[in-house]
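Structural characterization, general
Spelled out, the chains give:
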Amino acid sequence: MIKCNKKGSISPESGIEVRSCAKSESNENDQQSDSDAVEEARASEIRSLCNHWKMFVVIIIPISAIIMLSGISLNRASRIRQSTSIAIENIEYNFKMSELIKHLQRERGMSTSFIGTSNVSSAILNQLHILRQETNTSLISVKWPYSGIFVRNFYWTVEDLLSSLADHRRYVENRSINIIYNLDYYTTITHALLKYIVQSITPSDNAAVQQMVVATEALLSLTDDIGIQRALGTTFFTSCGWQSTEIETYYITLHGRSSAFLDTAIHHHGIIETQVREKMQNSAYLSYFADQYYSFQLFKDYENICSTTSQSERETKSIEWFSNMTIFIDIFFEIRQAINTDIQSFSEAIQIVAQFEFNLFLSTLIAVVTVSAILFTSYVYSVAKMTGNLLKFAEKIKRKTDKIATEKNKTDVLLYQMLPKQIVINLKTGTSSIAEFFNEVTIYFSDIVDFTQLGAESSPIEIVNLLNDLYSLFDECIDKYDVYKVETIGDSYMVASGVPTPNGWNHAPEIALMALRIRQEVNGYDIPHMPGRTLKIRIGLHSGPCVAGCVGTKMPRYCLFGDTVNTASRMQSFGIGGKIHISSVTQEILSHHGNFITEFRGLIDVKGKGQMATYWLEEFQDAKHV
């Protein structure tokens, strides 16, 4: 649309090509009109040039965006190549670190068994020396980080760990430490190594790899917990029972936690469950042992025969337990090693894909720049030609859209006054409204005293005007509080707090303050069509849980259900005009907030509820809030 003023000036909406709309009113104005026409032609040329530059910018932006995205993709592919290389290297390193953890766990178990025996056992001690040598060999073969590993508030080198192990082993042979101290020493070291392994794993963008990484971390924690159980179990057999209730409780706790770690590993990598089952089925005895282990039946059976076994038989049983548990733990180590191998294979595949993507994005970048340069001129020309029509169409659409948006806002405002906002959204989108459970709400009910008689003495229009005036007064009151008006039926007025939006423990005070405000406003309210006759209302409050949801598809209603609603209604119906009748539950909540003055009404027989202790809500001490 072209707009012109009397002097022939150009409207901002005139488009690319505009002509003057000025008309000569007399021969004296011809010269001025010619001058205006020249100025308008020059302005039109300038605007046309500007529009062409705008088209140039429109094209440059997406081209720049494509180039930028290609550059980002190139950078991402490069980072993936680098991270996968680091991940592959770390996995190989973690293989040896996991072996060290396994040997430390075995040494921890046999040390605990040695400390737990009543006499020095040469068989257990010889086995312990073998395990110590395996630990030292594994430790020397590990590529230790330059800065050390953080253990007990210090960074330990290999020499620090060897020295600490030597000191601790002397304590073990002298039997100068207890089982708990021994377990804590080794567990502190293994946990530090586990933490280092977890931190050294480079996160991957591949979801499958991430799942397997979580599974391996869970298996590491699982083997450590089972390793402690292995250590504690050895003392059970050598000592003919648990040495203390604390140790037994510790074992049970570890048993439950290790089961949780196994569930986590299986959840993130379902193949683990199949692999465990297959390895168990390969050995009937191991499968039997695992069943005994998970059901605690092994300990129960041994307690029955322990008193009749000799010390050497107990030691043999302890070593047998240690060996079986070691096989059991090694199964999870083998599975973890297999998963790490899979992770390595996945990482190598990801690295190949990253290299392919790098080459692809580089080629795409070159192609985009070349094709963009070729198509640039043609694109600019086409867009410039279409701009005029698009501007007119866009203006028309904008006017229609603004009009629709205005009408929509009016509709939304009306709907939000009738139903909660989320319910309205659900109805608009066709989503079914799901009922919600609210643990703590406070319900308000009120009605007009002798409303039936009042209705009989009044005309319909008088009743409607009265209720409209009264409920408008109520609506104005409740806007000042965190409450939600549920419905009005006849002279009954229902309000709730804590629903549809929970508000903690403020539901009772908010409703109480609102009720006091309404009672204050209604006090002395004269019935308009009955001069000299005042109106009284009964108010009842109760707090508790309820269910809320939208009922119906035609004229839907947001309704509350539950015993709390019924009890609140009973508080209203058993109340007295001009009084606020509350239950003991509501009174208890208000008493914690303070400043609410209540009066004990006594025990009353409430229909459907029996004897109930109820109260009158009198006032709120801080009157400025009422």
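Now for a description of the structure that goes with this document. (Residues numbered from 1 in each chain as written. Predicted model: local features only at pLDDT ≥ 70, side-chain atom pairs only at ≥ 80, totals over all residues. Heavy atoms only, no water.)

**With respect to unusual backbone geometry**
- With an omega of 0°, the peptide bond running from Val499 to Pro500 counts as cis.
- Turning to its location among the elements, Pro500 is positioned in the loop between strand S5 (492-497) and helix H14 (507-522).
- The backbone of Asn153 shows a phi angle near 70°, a positive value even though the residue is not glycine.
- Along the chain, Asn153 falls in the loop between strand S1 (149-151) and strand S2 (154-156).
- A relative accessible area of 63% means that Asn153 is categorised as exposed.
- Backbone geometry places Asp450, a non-glycine residue, at a positive phi of 60°.
- With respect to the helices and strands, Asp450 occurs in the loop between strand S3 (436-448) and helix H12 (451-456).
- On the accessibility criterion, Asp450 (48% relative accessible area) is partly exposed. (Helix = DSSP H or I, 4+ residues; strand = E, 2+ residues; numbered from the N terminus. Buried < 20%, exposed > 50% of the residue type's maximum accessible area, 1.4 Å probe, protein only.)

**Points about the nonpolar core**
- Of all hydrophobic cores here, the largest spans 55 residues; its most connected members are Leu219, Ile226, Leu232, Ile272, Trp321, Phe328 and Phe332.
- Apart from residues no more than four positions distant in its own chain, Ile272 is found in contact with Ala215, Leu219, Ala265, Ile266, Ile335 and Ile339.
- In terms of nonpolar packing, the next biggest core, distinct from the first, is built from 40 residues, Tyr481, Val495, Ala512 and Ile537 among them. (Core = buried A, V, L, I, M, F, W, Y, C linked by side-chain atoms within 4.5 Å. Contact = heavy atoms within 4.5 Å.)

**Quick word on the packing of helix H5 (residues 207-238) against helix H6 (residues 245-268)**
- Relative to each other, H5 and H6 sit at 160°, their axes nearing to 8 Å. When the interaxial angle is binned, H5 and H6 end up roughly antiparallel. Two packed elements cross with a definite hand, and for H5 against H6 that hand is left-handed.
- Across the contact of H5 with H6, the residue classes break down as 16 nonpolar, seven polar and two charged. (Axes fitted to C-alpha atoms, helices over the stretch in contact; angles between N-to-C directions. Parallel < 35°, antiparallel > 145°, perpendicular 65-115°, else oblique. Left-handed = near helix turned anticlockwise from the far one by under 90°. Nonpolar A, V, L, I, M, F, W, Y, C, P; charged D, E, K, R; others polar.)

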